[in-house]
Amino acid sequence: MKALALAVLLFTPGQAQATGLDCRFTTICSPLTDCQDHAGVPFRFDVTDGGLSFVSDGRTILGTPLSNVAPPAMALVFDTAPDATILLSVTASGQAVMTQQDILAGDTIQSVSFFGICEPAA
C-alpha cells in the first residue's frame, strides 16, 4: 500500500508531495548471467513535478511517466545516455522492476533487469 500512497502523492494535484521512492532490488537478471538473488541493491528516486528523477555521475536524470499505466501503478522511462534507457514499473503494492537497456556498437543490445520492492521515502 505504500506505493499506492506514493502514486497518490505523485499524481494528485494539490496534495502534499512525497520526497522520493526508495527501492530495494533483490533479484537481478541478465541474458549474460541468468537470474541471481541479491541481498538488496538500493536505488533512490526523487519526486519531481509529475514524475521521478535520480542522480547518476553528478547529473539529474528525469523520468517521463507512461500514460498507458493507470494509477496507482506507475511506469516511467529515463533517457540515461545516448542509446541507453531505464524503464521503471511499480505496482500498487510496491512490487517493482527496473530494466536498463543499452544499444551497443555492432548492432547489439545489452539489458539487465532488477526485481524488488519500492516504497515512499521516509
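Attention here is on the structure that accompanies the text. If you're wondering where the values come from, they're calculated on a predicted model, not measured in any experiment. (Residues numbered from 1 in each chain as written. Predicted model: local features only at pLDDT ≥ 70, side-chain atom pairs only at ≥ 80, totals over all residues. Heavy atoms only, no water.)

## Some words on the state of the cysteines
According to the stated counting rule, one finds two disulfides in the structure shown. Here C23 engages in a disulfide with C118; their sulfurs sit 2.0 Å apart. Across the disulfide from C23 to C118, rotation about the S-S bond amounts to roughly 110°, and the bridge is consequently right-handed. Placement of the pair is C23 in strand β1 (residues 20-30) and C118 in strand β8 (residues 108-120), with a sequence separation of 95 residues. C118 carries the same exposure label as C23, and that label is buried. (Disulfide = S-S within 2.5 Å. Helix = DSSP H or I, 4+ residues; strand = E, 2+ residues; numbered from the N terminus. Buried < 20%, exposed > 50% of the residue type's maximum accessible area, 1.4 Å probe, protein only.)

## A short note on the side chain of S30
With respect to the secondary-structure elements, S30 resides in strand β1. Within the local environment of S30, its side chain forms a polar contact with the backbone oxygen of S111, the two atoms lying 3.3 Å apart. Apart from the residues lying within four places of it in its own chain, the contact partners of S30 are S111 and V112. (Polar contact = N/O pair within 3.5 Å; in protein donor to acceptor, adjacent residues only side chain to side chain. Contact = heavy atoms within 4.5 Å.)

## Quick look at unusual backbone geometry
The linkage connecting P71 with the following residue, P72, adopts the cis geometry, with an omega of 20°. Phi is positive for D83, close to 65°, though the residue is something other than glycine. Here D83 shows up in the loop between β5 (74-81) and β6 (84-90). Owing to a relative accessible area of 53%, D83 belongs among the exposed residues under this scheme.

## Topic: the packing of aromatic side chains
Considering all chains together, one arrives at six aromatic pairs under this definition. Between F43 and F45 the ring centres are 4.9 Å apart and the planes differ by 40°, which places this aromatic pair in the tilted class. By relative accessible area, F43 is classed as partly exposed at 22%. Relative accessible area serves as the criterion here: at 0%, F45 is assigned to the buried category. Feature note: the residues F43, F45, F54 and F78 constitute an aromatic cluster, connected by ring pairs. (Phe/Tyr/Trp six-rings, centres within 6.5 Å; stacked < 30°, edge-to-face > 60°.)

## Observations concerning the environment of H38
Take H38: it is sitting in strand β2 (residues 34-48). We classify H38 as partly exposed; its relative accessible area is 39%. Between the alpha carbons of H38 and I28 there is a distance of 7.1 Å; along the sequence they are ten residues apart. Looking at H38, its side chain comes within polar contact range of the main-chain nitrogen of G40, at 2.9 Å.

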